[in-house]
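Geometric and topological summary
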Amino acid sequence: MQPELFTTNKIRTQLDLAEQQLHALKDTISPSVRNHTANTYILFASLGTFNSQAEVIYSGHHHFNTAVSELLRRIEIHSRKRSIIYPWIKIDAVSQVKPISFQSLQDAIASCKTNHFKYGISFDKEFNLAFLEQEINGNEFIQENRSSGLKNWFEDAVNSYLLKRAWNRPLNPFQLSQYKERTVFLFDTVSTFIGPKAIIHLQHGNHKNGIRPIRHLDRHIDTLIQCSTNHLRDRVQQDGKFDYGIYAAASKIITSYNLIKHADAIHSLAEGYRWKRSLQQQDPILLQRMKAALDYLLKFQAEKDSKTILIEKDSKNQLYSLGATAAAVIAIADYQSLTGDEQYLEAAKKMANGMLTLQNRSGSFLNITAKQHQAGYDAKAVYALLRLYQLDSYPLWLERSKLAFEHFINRRVQPAPNHWLSYAVYEMTGIIPDRRYFAMKLQSIQKRLAAMKGNTNPSPTQLQILLCTRRLLDRMHHAQLGHLLRGFDMKNLEDTIHSRADQQRIGFFYPEIAMYMENPSSVVGSFFNRQHGFRVRIDDLQHNISSYCLYAQYYLTDHQDQSLIPS
C-alpha cells in the first residue's frame, strides 16, 4: 500500500480532519495538567506509512488553538518534506499527568511485564524529551537484566530511536544518570486514529489502551480470521517451508525452526480455508500453499519398518517427535477432508502406527524427543488417532484412544486444561458418549473458569478450551446427560467466552499498533506476542486463527452437533 502523493488540496483535507478530531478531544483533558507541566495542552501526532515506522511529533501551549495550529503546521511540514499524504495519523492529547521521583519510576519499571508499560513518560516539564506508551514498548526502551530478572531503561535503544526522531532531537545522548535526582512525569493520553477510510476513537485507560473499540464483535471476527489467515498463507515459501517469524519491535528475523509448529500451522490454514469456503469465497492459492507445507513436513518422515513412520527431528541421534507426528496426521486429515484427495492416507496410517509404538500399557505416550511427554502431546496424539478413525474407521485407532482416555481419567494429578485434550474429548464423545469423559472435562473447566475470565492477557488456547466446552455441553443435553450440569454456571461460561474473544484482540496488529514497529508492512494484520518483542511467529498466528474459527463456527453459523473439523 503506497501513500498518496502530496498535493495542497489533499493535505488541506487531511489537516481539516485532524483539527476536528483534536477539538473533539479537548474536553477529555484534565485541568490538572497545567499544574504539573509547562503547558496546559500537550498534543502528539504519530505519522505512519505502511513501510516505515511512525514519526512522532509534538506541540504544547497554554492556549489550545495555538497548540493545535502548531501541530497541524508540523504535520504539513513533514508531509511536504516526504511528498506524501500519510495514510495513518494517530493524534494523542495528554489527559492526565503524574509527577514522580526518578527512583519511583525505576521501581515501577523494574516490576512491569516486558513491553507492558502503560504510561507515557516525559523527562521534563516542557515535554521536550517525552515518549508515548507505544514508542516506549514498540522500541523496547525497557529491557530485562538477565542476571537479576528486573527491568531497566536500555539507553542504547533510546538513543538509537532519538537519532531517527524528526523533532526535538537532543544534542547529547540520553543518559539515565542525568535524571537520578529529578522529577519525571508519567502521562495518559486520549487518542484518535485517522485512516484512509475511517476515523476511530481509540480506547484509553486500561489494558486496551490505544486499541480501537468494536461495537459488534461477531461482525469483526471475520476480519480477524481473514487477515491472519492471509498473513499465514503468505508466509509459506516456494519449497513449503514457512517464513517462521519476526520480532516486530526490532524487525529481527527468527532463525530457528520447529516442525511441530510447522505442522500445527497447516491445521490453522485448513481452518481458515474452511471458514472462507463457508462464506462462498474461493482461495486456490491457500490450498496450494497448504499442500506445499504438507509436502515439506513429510520430507522429515523416518520409516522404522514397512508399516511404521515417525517424524524425525534429529536423524543423527534418531530422535522422533510425537508432537510433530501427531500434527502431521492431523494436517493430512485436514487436507483430505477439504479436498477428498487420499494420496497421503497411507502415510497417515503408518504415522499412526508410529505413534502407537510410543504408547505405554497405561495408555500414556512417550515423546522420544524429550524422553518424556509434555502435557498435551498425549492428548494431541489421541486427537490425531480420532481424526484418522474418521477417515478410515480402523478399529485399532479407536481402541488405543480409549486406552489413552483411561489414562487421562485415572492419573493422580490432572494437568491444567490444554486445547488438544479439549479437542480429543469432544471428538471422542461424538463416538462414545461415556459420561466419565464428559465429567472429566467438566470438572477441569469448573476449577479454572474464574481465572480465565479474570485474565487480562490474550490467550487463544483458553478460548479454544472454552469453546470446546460450550459445544460439549450441547452434546451432553442431546445425549440426555443434562443432569451432570446441575450447578454449572452456563451464563458465566458464555460471558467468559465473549470476554476472552474480545480480549484476544489486544494481540492483533491493527494499524494503530503496527505503525510503531520498525517495519509495519511485515506485521500489520497478524497476531503478536507482546512479551517477546512483539513476536509474530507462525504459532502465534496459528492459535489465534484456530480459536477465532471455532468461535465463528459456533456463534456465526447454524452449528449442529458435529465434529470440530467437519468435512
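So, here's what we can say about the structure. (Residues numbered from 1 in each chain as written. Predicted model: local features only at pLDDT ≥ 70, side-chain atom pairs only at ≥ 80, totals over all residues. Heavy atoms only, no water.)

**A look at the overall build of the protein**
Within the protein, the regular secondary structure consists of 19 helices and 17 strands. By the burial criterion, 57% of the 567 residues in the protein qualify as buried. Placing the 67 positive and 53 negative side-chain charges of the protein at their respective mean positions leaves the two points 2 Å apart. (Helix = DSSP H or I, 4+ residues; strand = E, 2+ residues; numbered from the N terminus. Buried < 20%, exposed > 50% of the residue type's maximum accessible area, 1.4 Å probe, protein only. Lys, Arg positive; Asp, Glu negative; His and termini not counted. Charge placed at Lys NZ, Arg CZ, Asp CG, Glu CD.)

**So, the packing of helix 7 (residues 217-233) against helix 19 (residues 538-555)**
It is the contact of helix 7 with helix 19, at a shortest axis distance of 9 Å, that shows an interaxial angle of 145°. For the pair helix 7 and helix 19, the crossing hand works out as left-handed. From helix 7, Leu217, Ile221, Leu224, Ile225, Ser228, Thr229, His231 and Leu232 reach across to helix 19, where they touch Ile538, Leu541, Ile545, Tyr548, Cys549, Tyr551 and Ala552. For the contact of helix 7 with helix 19, a count of residues per class yields 12 nonpolar, 3 polar and no charged. (Axes fitted to C-alpha atoms, helices over the stretch in contact; angles between N-to-C directions. Left-handed = near helix turned anticlockwise from the far one by under 90°. Contact = heavy atoms within 4.5 Å. Nonpolar A, V, L, I, M, F, W, Y, C, P; charged D, E, K, R; others polar.)

**Structural notes on unusual backbone geometry**
The backbone of Ser393 sits at a positive phi, close to 55°, despite the residue not being glycine. Note on placement: Ser393 falls in the loop between helix 12 (377-392) and helix 13 (395-410). Although it is not a glycine, Phe534 adopts a positive phi angle of roughly 55°. Within the secondary structure, Phe534 is located in the loop between helix 18 (511-514) and strand 17 (535-537). Overall, the relative accessible area of 2% leaves Phe534 in the buried class.

**Observations regarding the sheet that holds strand 12 (residues 245-247)**
Reading across from one edge, 13-12-17 is the order of the 3 strands in this open sheet, with antiparallel pairing throughout. Since the sheet does not close on itself, it has two edges, and those belong to strand 13 (252-253) and strand 17, each with one partner. Taken together, the 3 bridges between strand 12 and strand 17 define a ladder with antiparallel strand orientation. The partner of Tyr247 across the bridge, within strand 17, is Arg535. (Pairing = 2+ DSSP bridges.)

**Some remarks on the state of the cysteines**
Considering all chains together, one arrives at 0 disulfides under this definition. Not part of a disulfide, Cys468 finds its nearest cysteine sulfur in Cys549, a span of 13 Å. (Disulfide = S-S within 2.5 Å.)

**Re the pattern of salt bridges**
Within this structure, the stated rule accounts for 31 salt bridges. With its nearest N and O atoms 2.9 Å apart, the salt bridge here joins Arg233 to Asp283. Of this pair, Arg233 sits in helix 7 while Asp283 sits in the loop between helix 8 (259-278) and helix 9 (284-297); the two residues are 50 residues apart in sequence, bridging distant segments of the chain. Across the pair Asp502 and Arg505 runs a salt bridge, and its minimum N-O distance is 2.8 Å. By relative accessible area, Arg505 is classed as buried at 2%. (Salt bridge = Lys/Arg side-chain N within 4 Å of Asp/Glu carboxyl O.)

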